[in-house]
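Summary of the model geometry
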Amino acid sequence: LVLCRFFGVTTEQQLLALQNIQQININSLSRHIATNMQASMAQSISSGLGRAEMSTLIKSNIKSTIPRIDNVIGTQLSNYERAIIMQMSADLPENQLYDYMGPRDDKNRPVCRQFLDSSPLTKSEIRAVKSDAMETGGGINCRHKFMPIDV
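So, a few notes on the structure that sits alongside this text.

**Things to note about the overall build of the protein chain**
- In terms of helices and strands, the protein chain carries 6 helices and 3 strands.
- Sorting the 151 residues of the protein chain into buried and exposed places 33% on the buried side.

Here it is in C-alpha cells:
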C-alpha cells in the first residue's frame, strides 16, 4: 500500500475558507480567555484582593475554564489538516481506500484501535464505525488522520 501523494485538487479559495474557519475558532477561544481574565480581575478588585491573590484567582479560573489549552489548540490544528484532506479527496471514487495514520500506543481510544486494526477502509466503511471520523478522527485531541492510498 502506498499513500496517494497527489490525490486531489483544491483551490486557494477553498484552503483560505478552511483556514478562516480554524482562525475563527482560535480567535473565539482567545476572546473567551480574555473575558474570563477580565471577570476574574473584576471579581478580585471588588473583593479587595491583592496582586498575588488576584493572579492566583485568574490562573485558577482559566485552568477551570480551559483545563488543557494545548489539547484544544492541537485538536483545532488536527481538524484543519483533516479538513484539507477531506477537501482534496472530494473527487476521489467511492471505493477509494483510506489508511488510518498515527501512533499506536496506550493513549489510543478504542475507536482509534479499531480503525488502526481494520485499515484500509472506504469512506462508507469509516462512517459506519464513526460518522464524523473523517473530520475528527477518534475525537478531541486525536493524533490520527485518514489518508487515501494507492493499492
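After that view of the structure, there is still more to cover.
**Considerations on the packing of aromatic side chains**
- Per the stated rule, a full pass over the model turns up 3 aromatic pairs.
- Residues tyrosine 100 and phenylalanine 115 carry aromatic rings whose centres are separated by 5.1 Å and whose planes lie at 55° to one another, so their mutual orientation is tilted. Taken together, the positions of tyrosine 100 in strand β2 (residues 98–101) and phenylalanine 115 in helix α4 (residues 110–118) put the pair 15 residues apart, joining distant regions of the chain.
- Tyrosine 100 sits in the buried class, given a relative accessible area of 3%.
- Here the aromatic residues Tyr100, Phe115 and Phe146 are joined through ring pairs into a cluster of three or more.

**A few points about the nonpolar core**
- Of all hydrophobic cores here, the largest spans 14 residues; its most connected members are Tyr98, Tyr100, Phe115, Ile126, Met134 and Phe146.
- Elements with a contribution of two residues or more to this core: β2, α4 and α6 (133–136).
- Broken down by element, the residue count for this core peaks at 4 residues, all from α4.

**Some thoughts on the environment of isoleucine 85**
- With respect to the secondary-structure elements, isoleucine 85 resides in helix α3 (residues 69–88).
- A C-alpha to C-alpha distance of 7.2 Å links isoleucine 85 and methionine 147, two positions 62 residues apart in sequence.

**Details of the packing of helix α1 (residues 12–47) against α3**
- For the pair α1 and α3, interaxial distance at closest approach is 10 Å and the crossing angle is 165°. It follows from the interaxial angle that α1 and α3 lie roughly antiparallel. In this structure, the crossing between α1 and α3 has a hand that is right-handed. Of the residues in α3, those touching α1 at Gln14, Leu15, Leu18, Gln19, Gln22, Asn25, Ile26, Leu29 and Ile33 are Ile69, Val72, Ile73, Gln76, Tyr80, Ala83, Ile84 and Gln87.
- Counted by class, the contact of α1 with α3 contains 11 nonpolar, 6 polar and no charged residues.

**Some remarks on the pattern of salt bridges**
- Enumeration over the complete set of coordinates arrives at 5 salt bridges.
- In this structure, the salt-bridge partner of glutamate 81 is lysine 145, at a minimum N-O distance of 2.7 Å. Here glutamate 81, found in helix α3, pairs with lysine 145, found in strand β3 (residues 145–150); they are 64 residues apart in sequence, far enough to count as distant.
- The partly exposed category is assigned to glutamate 81, whose relative accessible area is 35%.

**With respect to α4**
- Of the positions making up α4, those classed as buried are Val111, Cys112, Phe115 and Leu116. Around the axis of α4, the buried residues are gathered within 135° of arc, so they sit on the same side. Away from its buried face, by an angle of more than 90 degrees, α4 presents the exposed residues Pro110 and Asp117.
- For α4, the elements touching its buried residues are β2, α5 (123–129), α6 and β3.

**Quick look at the side chain of threonine 75**
- With respect to the element layout, threonine 75 can be found in helix α3.
- Note on threonine 75: relative accessible area 10%, which makes it buried.
- At 2.6 Å, the side chain of threonine 75 forms a polar contact with the backbone nitrogen of asparagine 141.
- Here threonine 75 is in contact with Ile140 and Asn141, once residues within four sequence places are set aside.

Scoring rules and cut-offs
Residues numbered from 1 in each chain as written. Predicted model: local features only at pLDDT ≥ 70, side-chain atom pairs only at ≥ 80, totals over all residues. Heavy atoms only, no water. Helix = DSSP H or I, 4+ residues; strand = E, 2+ residues; numbered from the N terminus. Buried < 20%, exposed > 50% of the residue type's maximum accessible area, 1.4 Å probe, protein only. Phe/Tyr/Trp six-rings, centres within 6.5 Å; stacked < 30°, edge-to-face > 60°. Core = buried A, V, L, I, M, F, W, Y, C linked by side-chain atoms within 4.5 Å. Axes fitted to C-alpha atoms, helices over the stretch in contact; angles between N-to-C directions. Parallel < 35°, antiparallel > 145°, perpendicular 65-115°, else oblique. Left-handed = near helix turned anticlockwise from the far one by under 90°. Contact = heavy atoms within 4.5 Å. Nonpolar A, V, L, I, M, F, W, Y, C, P; charged D, E, K, R; others polar. Salt bridge = Lys/Arg side-chain N within 4 Å of Asp/Glu carboxyl O. Arc of directions from axis to C-beta. Polar contact = N/O pair within 3.5 Å; in protein donor to acceptor, adjacent residues only side chain to side chain.

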